[in-house]
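# Structure assessment
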Amino acid sequence: MLTVHEVSELAGISARTLHHYDRIGLLKPSARTDAGYRLYDEADLARLQQVLFFRELEFPLADIRRIVDSPDFDRKLALEQQIHLLELKREHLDNLISLAKRLKEDDMNNAAFDAFDTSKLDEYAAEAKAQWGTSPAWQEYENKSAGRSSGEQAGMGADLMALFVPFGKMAAESADPASDKAKAQAAAIQAFITEHFYTCTNEIFAQLGQAYGAGGDFTRNINAAAGPGAAEFAAKAIAAYCAIE
C-alpha cells in the first residue's frame, strides 16, 4: 500500500490532485491508516493509470469517471482506444511541427492551415466517450445513481462486496459452488445489483461472473474484501446459477 506522497512521486501528480480525485469519486483509496491517511493498492494505481491516460487526451474528469465506472468498462478495449487516440494526437503534432518548419523556411509566407484540423481526433474521441454510455444498463445505472453522494456510492459498493464474504468462507471449506447455498448467494448478488445499479439479467450476470474470476481488478478486489478464493468461487457459483435459471 502506498501513501498519497508516494503515489504523488510515482505518478508525477500533486497530492492536491489526488485529494481532489478522492473528493469527486474518481479515485478513492482502498484503505486508510488509523489516523485517516489515504492508502492506495495496486488496483487503485491501475485505475489511476486509466485516469491519467484519459487526462493526457484531455477528457473532462466527469467523462473519465463515467467511463471507468461504466458497468461495461473493459480496460483492454480502453487501452486500445487510448493507443489509437494517442497515435492520432502524435500525427496531429507532427503535422504542426512540419508546418512550423515550412513556415520558418519560407519566411512565414505559407498560409496553410490544414495542420490545425483536429476533426479526425475529435471524432474518434467522441466515439470512444459515447461507447461507454450507450448501453441500457449504463443509462439505468446513471438514473439510479443520480443524486447519490460519493459516500453513498462507496457504501453501496461495500455492501455489494459484503455479499461475497460467504463465498470466501465456502472456498475455504472447499464447498461445492453448484450447491443450493452457493446458488442462493449468487441470486442475492444478482438481486442487489438489479435493485441498486441496473437490471442484471442472467446474460449480464454470467458475464460478470466470468469477469469476477478472470484474475483482473474484479478478482483482486473481491478476494481482498471477502477472502482468498472468493472471486474464483463466485465465478463458478454464478455459472452454475445462471445455467439453471
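Residues numbered from 1 in each chain as written. Predicted model: local features only at pLDDT ≥ 70, side-chain atom pairs only at ≥ 80, totals over all residues. Heavy atoms only, no water.

### Structural notes on the overall build of the protein chain
Helix and strand counts for the protein chain come out as 13 helices and three strands. Taking all 245 residues of the protein chain together, 36% fall into the buried category. When contacts within the protein chain are restricted to residue pairs at least 6 apart in sequence, those whose partners lie at least 24 apart make up 63%. (Helix = DSSP H or I, 4+ residues; strand = E, 2+ residues; numbered from the N terminus. Buried < 20%, exposed > 50% of the residue type's maximum accessible area, 1.4 Å probe, protein only. Contact = heavy atoms within 4.5 Å.)

### Points about the packing of aromatic side chains
Evaluated as defined, the whole model comprises six aromatic pairs. Judged by centre distance (5.0 Å) and plane angle (35 degrees), the ring pair of phenylalanine 54 and phenylalanine 59 falls under tilted. Look at phenylalanine 54 and you get buried, because its relative accessible area is 2%. Connected via pairs of aromatic rings, a cluster forms that spans Phe164, Phe167, Tyr212 and Phe233. (Phe/Tyr/Trp six-rings, centres within 6.5 Å; stacked < 30°, edge-to-face > 60°.)

### With respect to the pattern of salt bridges
Counted by the stated rule, this structure contains three salt bridges. Ionic pairing is found between aspartate 22 and lysine 28, a salt bridge with its closest N-O pair at 2.8 Å. Judged by its relative accessible area of 3%, aspartate 22 is buried. Note on lysine 28: relative accessible area 33%, which makes it partly exposed. Connected through shared salt-bridge partners, Asp22, Lys28, Arg32 and Arg38 make up one network. (Salt bridge = Lys/Arg side-chain N within 4 Å of Asp/Glu carboxyl O.)

### Remarks on the nonpolar core
With 27 residues, the main nonpolar core has Phe164, Phe167, Ile193, Phe197 and Phe205 as its most contacted residues. No other element matches helix H13 (residues 230-244), which puts eight residues into this core. Apart from residues no more than four positions distant in its own chain, isoleucine 193 is found in contact with Leu160, Tyr198, Cys200, Phe205, Leu208 and Tyr212. Formed by 19 residues, the second largest nonpolar core is a distinct cluster that contains Val4, Ile13, Phe59 and Leu85. (Core = buried A, V, L, I, M, F, W, Y, C linked by side-chain atoms within 4.5 Å.)

### Section: the side chain of threonine 219
Checked against the element boundaries, threonine 219 lands in helix H12 (residues 217-226). The residues contacting threonine 219, other than those within four sequence positions of it, are Ala211, Tyr212, Gly213, Ala214, Ala231 and Glu232.

### Some points on the sheet that holds strand S2 (residues 31-32)
Taking strand neighbours across the sheet as the criterion, the three strands line up as S1-S3-S2 in an open arrangement whose pairing is antiparallel. The sheet terminates laterally at strand S1 (2-3) and S2, the two strands that pair on one side only. (Pairing = 2+ DSSP bridges.)

### Digging into the confidence of the model for the protein chain
Chain-level pLDDT for the protein chain is 84 on average; 87% of the residues reach the 70-or-more range. Mean pLDDT across the elements of the protein chain bottoms out in helix H6 (residues 119-131) (66) and peaks in helix H9 (residues 165-172) (96). (pLDDT = per-residue confidence, 0-100.)

### Concerning the packing of helix H1 (residues 4-11) against helix H2 (residues 15-23)
Close contact between H1 and H2 brings their axes to 9 Å; oriented N to C, the two are set at 110 degrees. By the angle between their directions, the pair H1 and H2 is classed as roughly perpendicular. For the crossing formed where H1 meets H2, the hand is right-handed. Residues Val4, Val7 and Ser8 of H1 form the contact with H2, whose own contacting residues are Ala15, Leu18 and His19. Grouping the amino acids of the contact of H1 with H2 by side-chain chemistry returns four nonpolar, two polar and no charged. (Axes fitted to C-alpha atoms, helices over the stretch in contact; angles between N-to-C directions. Parallel < 35°, antiparallel > 145°, perpendicular 65-115°, else oblique. Left-handed = near helix turned anticlockwise from the far one by under 90°. Nonpolar A, V, L, I, M, F, W, Y, C, P; charged D, E, K, R; others polar.)

### Concerning unusual backbone geometry
Positive phi, normally seen in glycine, also occurs at glutamate 58, with a value near 65 degrees. Mapped onto the fold, glutamate 58 is located in the loop between helix H3 (42-56) and helix H4 (61-68). Under the relative-accessibility criterion, glutamate 58 is labelled exposed at 62%. For serine 174, which is not glycine, the phi dihedral falls at a positive 55 degrees. By secondary structure assignment, the location of serine 174 is in the loop between H9 and helix H10 (180-196).

### Points about the packing of H1 against H3
At a closest axis distance of 12 Å, the pairing of H1 and H3 adopts a crossing angle of 45 degrees. Classed by the angle they form, the pair H1 and H3 counts as oblique. Judged by the twist between their axes, the crossing of H1 over H3 is right-handed. On H3, the residues touching Val7, Leu10 and Ala11 of H1 are Leu45, Leu48 and Leu52. For the contact of H1 with H3, the per-class residue count stands at six nonpolar, no polar and no charged.

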